[in-house]
Amino acid sequence: MRDPLDDRELTPPPSFYEARSTRQKARAAGLDPDRWYAVEYDREIKNGEVKEVQFWNLSMALFRGDDGVLAAVQNRCPHRHLKLTHGAVEKCQLRCAYHGWSFNREGLLTDYSHDSFGKPLIKSRLRTFPVDVRYGLIWVFPGNPELATVQKIPEIPELMTENPWAGFTVDYTWKTHHSMVIDNICDFAHAFLHRKYQPFVDAKLTHYESDDDKVYMTYDTYMAEGKFSKYFVNRKRVNTRSIEICYEYPYQWSNTGDSIKHWCFLLPIDERTTRVFFIFYFDSVKIPLIPMNTPKWLTQIVLNASVPLLFRPLLAEDGVALEAEQIGYESHWNAPPIELNPIVPLLQKLTAQKWQGYVDRNVRSEQAAPVAEAEPEAAVV
Ligand code: FES
Ligand SMILES: [Fe+2]
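Criteria and thresholds
Residues numbered from 1 in each chain as written. Chains lettered and ligands numbered in written order. Predicted model: local features only at pLDDT ≥ 70, side-chain atom pairs only at ≥ 80, totals over all residues. Heavy atoms only, no water. Helix = DSSP H or I, 4+ residues; strand = E, 2+ residues; numbered from the N terminus. Buried < 20%, exposed > 50% of the residue type's maximum accessible area, 1.4 Å probe, protein only. Areas by Shrake-Rupley, 256 points an atom, 1.4 Å probe, with all protein chains shown as cover. Salt bridge = Lys/Arg side-chain N within 4 Å of Asp/Glu carboxyl O. Donors = N, O, S within 2.8 Å, 3.2 Å for Na, K, Ca; no water. Tetrahedral: all angles 85-135°; square planar, octahedral: opposite > 155°, others 65-115°. Core = buried A, V, L, I, M, F, W, Y, C linked by side-chain atoms within 4.5 Å. Domains from an automatic or database assignment. Contact = heavy atoms within 4.5 Å. Axes fitted to C-alpha atoms, helices over the stretch in contact; angles between N-to-C directions. Parallel < 35°, antiparallel > 145°, perpendicular 65-115°, else oblique. Left-handed = near helix turned anticlockwise from the far one by under 90°. Nonpolar A, V, L, I, M, F, W, Y, C, P; charged D, E, K, R; others polar.

Some thoughts on the overall build of the protein
Within the protein one finds 5 helices and 18 strands. Counting only residues that meet the buried cut, the protein has 48% of its 381 residues in that class. Roughly 18,900 Å² of accessible area belongs to the protein as shown, and the carbon and sulfur atoms make up 55% of that amount.

This is the structure:
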């Protein structure tokens, strides 16, 4: 018998296949594995180290050999199915912690480390994943490797020149679905959440359009109105009264006055966990009382100081709201969606459509399996 005061749903949110509304579909959708995803900082995996990274429940072992070259393989030993991240990197190979089977970067079993009982080395190959490094981040292609050269890591020309803009990267792992993050960073109706730091004030949506790959929008707003941040923006040179934002699936970017930009790269770890990498970059900032734009080295110093004082706590506010939204959705997933900003349904529709496209490309039976289960049998024994 249900407590009449308890208004929570009796069941957990529907799967993608059971979902009845676009919002429910978006909240259950994965992100298309046939794209490149930032998974870790390049500096975080040193020579001889291995680390687990996870994409939508698919666990991968990311390791760097003694020669500095990275590789990503399925994180499951074909022998007894231990995670290979329990093991160790030896030269350029990954050795399982239990019986010591060793795999090279191509995923091939090369030796056992124990007696072979008179049998030849079995043919066994781990699933492998294309890896690249860009903008200080390690990128992995979790889907069909043949598509890794077709799909591109987003180009950021300002960071790819010999004299790149000053900038920084921050990341968070939030207990929230990735579609909630996209809603959050594209919908500027949440200025109240940031009333302390005031990164944007009085936002008015002025234009939006969408197609099969993106949702683009512009807002008129007052950018960087915070107590301290407002002194570091040159409003004579940079138009801080408007911002353009784009959900360029599965990534997101913004541009303020061609001078302040960011990209957001999502790593959907599972249905309610998302790692978010933000890269912010600036062509220059202004120092109070100094009537000139800063040179790049000084811009970088100002930005480095602003990360712990402004950007980290500001974005942490989003994390608090998003984790609360996830909890709210899990209890009230069947409540009628109420949205005022017209871009929000478009964002959710794009996420749902792209996942449907992935599912349709990978149908094995009546329902496509989740990424983790779609993994082909590893051992050819
Ligand atoms: S479980 Fe990995 S070598 Fe036996
Ligand atoms: Fe925010």
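As for the pattern of salt bridges
Under the counting rule described, the total for this entry stands at 20 salt bridges. For Glu-90, the salt bridge is made with Arg-95, and the minimal N-O distance between the two is 2.7 Å. On the basis of relative accessible area, Glu-90 is assigned to the partly exposed category, the value being 37%. Between Arg-134 and Asp-132 there is a salt bridge; the shortest N-O distance is 3.9 Å. Arg-134 sits in the partly exposed class, given a relative accessible area of 22%.

Overview of the coordination of the iron ion (ligand 2)
Here the iron ion (ligand 2) is held by the protein donor atoms His-190 (NE2), His-194 (NE2), Asp-318 (OD) and Asp-318 (OD), which lie 2.1 to 2.6 Å from it. Here the iron ion (ligand 2) is ringed by 4 donor atoms whose angles at the metal span 55 to 147 degrees, and the overall shape comes out irregular. In the primary structure, the donors to the iron ion (ligand 2) are separated according to the pattern H-x3-H-x123-D. On the basis of relative accessibility, which here comes to 17%, the residue His-190 falls in the buried class. By relative accessible area, His-194 is classed as buried at 2%.

Considering the nonpolar core
By size, the foremost hydrophobic cluster in this structure holds 67 residues, and its most contacted members are Tyr-247 and Phe-278. Broken down by element, this core gets its largest block of residues, 9 residues, from helix α4 (residues 296-332). When we break this core down by domain, the ones giving at least three residues each are domain 1 (37-147) and domain 2 (157-354). With sequence-adjacent residues up to four places away left out, Phe-278 is seen in contact with Phe-168, Thr-169, Val-170, Tyr-172, Trp-174, Ile-185, His-262, Trp-263, Cys-264 and Leu-315.

Some words on unusual backbone geometry
Between Tyr-249 and the following residue, Pro-250, the backbone shows a cis peptide bond with an omega angle of 0 degrees. The phi angle at Lys-91 is positive, at roughly 55 degrees, despite the residue not being glycine. By secondary structure assignment, the location of Lys-91 is in the loop between β5 (88-90) and β6 (93-95).

Some points on the packing of helix α3 (residues 178-186) against α4
Look at α3 against α4: their axes get within 10 Å of each other, and the N-to-C directions meet at 130 degrees. The angle between α3 and α4 falls in the class oblique. Our pair here, α3 against α4, has a crossing hand that is right-handed. Judged by residue contacts, Met-180, Val-181 and Asn-184 of α3 engage Asp-318, Leu-322, Glu-325, Gln-326 and Tyr-329 from α4. Residue composition of the contact of α3 with α4, grouped by class: 4 nonpolar, 2 polar and 2 charged.

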